[in-house]
Amino acid sequence: MQSIARDLPVVPNVEARKKPQSIPMKKLITGIVEFRRKLLPDYRKTFAKLALGQSPDTLFISCSDSRVAVNVFASTDPGDLFVIRNVGNMVPKCGCDGERTSDQSVPAAIEFALTSLNVTSIVICGHSECGAMHALTEGIEKVEGEHLKGWLKHGEDSVKELAERPEFAITLSKRNQLSQLNVLTQLNHLRTYPMVQQRLAAGTLTLHGWWFELSNADVYAYEESLGQFVIFDEIEAMRILEQLEHNAKS
Ligand SMILES: [Zn+2]
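Bear in mind that the values here come from a model prediction, so they are computed numbers and not experimental data.

1. Looking at the overall build of the protein chain
Inference 1: Counting secondary structure elements, the protein chain contains ten helices and six strands.
Inference 2: Buried residues in the protein chain amount to 26% of all 250 residues.
Inference 3: At a minimum sequence separation of 6, the contacts of the protein chain that also span at least 24 residues come to 63%.

Here it is in structure tokens:
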């Protein structure tokens, strides 16, 4: 007589089970099965190599928003990026995080990226239609949830900046103006860390401000000399690569 266990398929045919579309996590769960069936054979060598260690050259800091899909818009692969994601792509200023233990997460990841992984670039990537920026424009006193309210305080410098520079990226909505300025604010917060300052002075680290525009899936890069974000086309990519090459030689 066969045991019940032997009758069970090794890989359950999840797709074959007809369930209503509304089941939470269905796409995620069936996605794992699909990955095992269709993609894992091609990825085995990659992950076996990555299991021996990671050596990403870039720390990528972006919003937790589900629509900011860096693996799609930057064609990244496993092992390419060390990633920090949080609400509003914030970086707490160095030294201002003593009272909230949750705020240590970002500084800890920055320290690990710089000291253990020796990343040579840090990108802060904001995005259009950001809920955190909307909350900041509406006033954080209206925000529900004490932790969220506390976290969004890291964006208050951006709100002040927009009040002083209302003409910045004037064609955008207020929320998106704030989102672009917030990338610059968080880069400034990043510069408050001594280990960032040391590496910038030594020329072993570069900082980059990017912005993802959702409706067209376009990436923009902050161009210091123009004081604005410019579309990340082939010309801009070439300019950034030439600058990085120049830095690496000097
Ligand atoms: Zn966001």
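Read on for the rest.
2. Notes on the nonpolar core
Inference 1: Leu 59, Ile 61, Cys 125 and Trp 210 are the most contacted members of the largest nonpolar core, which totals 41 residues.
Inference 2: Of the residues forming this core, the biggest block, five residues, is contributed by helix α8 (residues 174-190).
Inference 3: Apart from residues lying up to four places away in sequence, Trp 210 is in contact with Val 123, Cys 125, Val 219, Tyr 220 and Ala 221.

3. As for the pairing of strand β5 (residues 218-223)
Inference 1: Here four bridges tie strand β4 (residues 206-213) to β5, and the two strands are oriented antiparallel to one another. Within β5, the residue paired with Trp 210 across the bridge is Ala 221.
Inference 2: Remark: four residues form the turn of the hairpin made by β4 and β5, two consecutive strands paired antiparallel; Ala 217 in that turn has positive phi of roughly 55 degrees.
Inference 3: Here β5 runs beside strand β6 (residues 228-231); their pairing, made up of four bridges, is antiparallel. Across the sheet, the residue bridging to Tyr 222 is Phe 229, located in β6.
Inference 4: Where β5 hands over to β6, the hairpin turn is made up of four residues, of which Gly 227 adopts a positive phi near 65 degrees.

4. Here's the deal with the environment of Val 83
Inference 1: With respect to the helices, strands and loops of the structure, Val 83 is situated in strand β2 (residues 81-86).
Inference 2: The exposure class assigned to Val 83 is partly exposed, which follows from the 17 C-beta atoms found within 10 Å.

5. Some thoughts on the confidence of the model for the protein chain
Inference 1: Across the protein chain, the average pLDDT comes to 90, with 89% of residues at or above 70.
Inference 2: In this model residues 1-12 is a low-confidence stretch, pLDDT under 50, and it forms three contacts with partners more than four residues away in sequence or in other chains.

6. Things to note about the sheet that holds strand β1 (residues 58-63)
Inference 1: Read across the open sheet, the six strands follow the order β2-β1-β3-β4-β5-β6; overall the sheet is mixed. Each end of this open sheet is capped by a strand with a single partner; those strands are β2 and β6. On average, each strand axis in the sheet is tilted by 30 degrees relative to the strand beside it, whichever way the strands run.
Inference 2: Packing against the sheet, α8 makes contact with β3 (121-127), β4, β5 and β6, and its axis sits at approximately 150 degrees to β3.

The rules we used
Residues numbered from 1 in each chain as written. Predicted model: local features only at pLDDT ≥ 70, side-chain atom pairs only at ≥ 80, totals over all residues. Helix = DSSP H or I, 4+ residues; strand = E, 2+ residues; numbered from the N terminus. Buried ≥ 20, exposed ≤ 12 C-beta atoms within 10 Å, placed from the backbone. Contact = placed C-beta atoms within 7 Å. Core = buried A, V, L, I, M, F, W, Y, C linked by C-beta atoms within 7 Å. Pairing = 2+ DSSP bridges. pLDDT = per-residue confidence, 0-100. Axes fitted to C-alpha atoms, helices over the stretch in contact; angles between N-to-C directions.

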